[in-house]
Amino acid sequence: MVALLLTAFSISGLTQFTLQGTVKDTKKQPIDGASIALKSTYYGTSSAADGSFSFSFPDTGRKILLITMMGFKPFEKEIIITRPITEMEIILKEEIIESKAVVITAGSFEAGDKKRATVLKSVDIVTTAGNQADLVSALKTLPGAQHVGEEEGLFVRGGTGAETKVFIDGMMVQNPFFSSVPDIAQRGRFSPLLFKGTNFSSGGYSAQYGQALSSALILETHDLPSRSEINAIISSPQLSLMGQHLNKEKNASVGMNVTYSNLKYYFDVVPQKIAYSKAPEILNTELFARRKVKGGLFKFYAYANTNEVGFEKQNIDKPTINDHFQLKNTNFFSTVVYAGKISDHWNLSAGASVSANKDNIEIISGTKDSIWKSFAPQIGNRLVQSKVTFARYFSGLTKLYFGAEVQRVEDKIFASDSIPHIHLRDNYVAAYSEADIYYSARLVQRIGMRLENSS
């Protein structure tokens, strides 16, 4: 009797059950390399080049079959094993993931969307030959962007410089370039080394940006630094000192950068075609702070600048007299932004900024002994802006976002000899919504709408 029981047990232990079949996608194409396994067991295999698979296991009953493959949604199904060989055909549905989806659009992008429009990194801008590390000058080398005479600004496909706006961390900068000077090209105010991303398109732009722009230049500042550091630059025309401190918990940092430039001594050594009465003198101060909180990051950035330049040239109407031009400019920009998660599917970004600029200009035509004519305008403007955006993420990369922004703009001009006080105000409100709908990794649809009201 004991011998019979042992024999029966031995035969039962040798019984094997086999699960076999094929793994295909929704187009009935075989999937190679899919992982097939019985959940919570060591039994499983991988699909072959033709999508086929086969593996054995020792017991029957209810099992959970789990199939996974990069780029496809996980497949999980309860099966009942009742016979020695069970055959199945598995269909996996495509899952859109960021590492697989590569979107090429006809000149469109959205803020912070690096996979669409990151054109140049900081090192690319600094090393672009002949542009002296000027961010905008480097972008003018791209198709669709032009250089127009000595005017400052980014001209895109025939639009004026005012039709391409600059945004830092999603907030608009009112005066991103040094003020205009006759016959002398001006550069951008901000160093490319401040930014981890430079997003630019010579075509369209997202619904987040309106006002009939030709394009938009999106700049994204760095997050938390990897370490505390102090840097200094000393050269004939410039003295710069930068320091930043990262706390022990590595969740907050603060930093400051001070730069003083005076080209007088450089111009004494290298003669210029322009007769400068006041060589360009610039003082920049920057403050920046970062604070990481649960689910998000706060960023603060402030920039203050004062600069002065003056020169003389021959009057085009009366060659016997000279024109004297003098400019004193002060500029300020400050922004605080937050970006983070509200829940697993909702993100929030919000910010506020203040921009202010003032130009004191003096234009005098005459000789050393007499003045023929003069013009001395004072021009100022200010922008206060706030903005909030909500984003809802669905399966894959499909998402919907909507938000609103409010701007208060003031422009002032005054010249004691010719122009009375002019003070213009504009209250601007906008609401926007946009959706990216991914039907597959190769097909995406963008639908957007924006409503604006300007006083």
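The shown structure was predicted, so the numbers you read here are calculated from the model rather than taken from an experiment. (Residues numbered from 1 in each chain as written. Predicted model: local features only at pLDDT ≥ 70, side-chain atom pairs only at ≥ 80, totals over all residues. Heavy atoms only, no water.)

Now for the overall build of the protein chain. A count of helical and extended segments in the protein chain gives five helices and 25 strands. Within the protein chain, the fraction of its 455 residues that count as buried is 40%. Pairs at least 24 residues apart make up 57% of the contacts formed inside the protein chain by residues separated by at least 6 positions. Of the roughly 25200 Å² of accessible surface on the protein chain, a fraction of 58% belongs to carbon and sulfur atoms. (Helix = DSSP H or I, 4+ residues; strand = E, 2+ residues; numbered from the N terminus. Buried < 20%, exposed > 50% of the residue type's maximum accessible area, 1.4 Å probe, protein only. Contact = heavy atoms within 4.5 Å. Areas by Shrake-Rupley, 256 points an atom, 1.4 Å probe, with all protein chains shown as cover.)

Take the pattern of salt bridges next. Pairing between side chains of opposite charge can happen when their charged atoms approach one another. Scanning the model with the defined rule gives 16 salt bridges in all. Notably, a salt bridge pairs E89 with K28, separated by 3.4 Å at the nearest N-O pair. Placement of E89 in strand 7 (residues 85–92) and of K28 in the loop between strand 1 (17–25) and strand 2 (35–38) is noted, with a sequence separation of 61 residues between them. Using a relative accessible area of 44% as the deciding quantity, one classes E89 as partly exposed. The class of K28 is partly exposed, set by a relative accessible area of 48%. E281 is the partner of K278 in a salt bridge, and the nearest nitrogen-oxygen pair spans 2.6 Å. What emerges from the salt-bridge pattern is a single network uniting D169, K196, E220, D223 and K299. (Salt bridge = Lys/Arg side-chain N within 4 Å of Asp/Glu carboxyl O.)

Within the protein chain, residue pLDDT values average 82, and 82% of them lie at 70 or more. Within the model, pLDDT remains below 50 along residues 1–13, and this stretch shows zero contacts once partners closer than five positions in the same chain are excluded. When the criterion is pLDDT under 50, residues 101–118 qualifies, and its contacts beyond four places in sequence or with other chains add up to 50 contacts. (pLDDT = per-residue confidence, 0-100.)

This part takes up the sheet that holds strand 6 (residues 75–81). The strand order across the open sheet built from four strands is 3-2-5-6, with neighbouring strands paired in antiparallel fashion. The open sheet has two edge strands, strand 3 (44–46) and strand 6, and neither has a second partner. Between one strand axis and the next, the sheet turns through 20° on average, direction left out of account. The pairing of strand 5 (residues 61–68) with strand 6 spans seven bridges and is classified as antiparallel. (Pairing = 2+ DSSP bridges. Axes fitted to C-alpha atoms, helices over the stretch in contact; angles between N-to-C directions.)

Glancing now at a nonpolar patch on the surface. Residues I234, L239, M256, V258, Y260, L283, L287, V293, F298, F300 and V336 make up a contiguous nonpolar surface patch of about 900 Å² in total accessible area. Elements with a contribution of two residues or more to the nonpolar patch: strand 16 (252–262), strand 17 (275–293) and strand 18 (296–314). Secondary-structure assignment places Y260 in strand 16. The exposure class assigned to Y260 is partly exposed, which follows from its relative accessible area of 33%. (Patch = residues over 30% accessible without salt bridge, like charges linked within 9 Å, V, L, I, M, F, W, Y side chains within 5 Å.)

This part is about the side chain of E410. Within the secondary structure, E410 sits in strand 23 (residues 399–415). For E410, the side chain forms a polar contact with the side chain of R382, separated by 2.5 Å. Filtering out sequence-adjacent residues up to four positions away, E410 remains in contact with G380, N381, R382, H423, L424 and R425. (Polar contact = N/O pair within 3.5 Å; in protein donor to acceptor, adjacent residues only side chain to side chain.)

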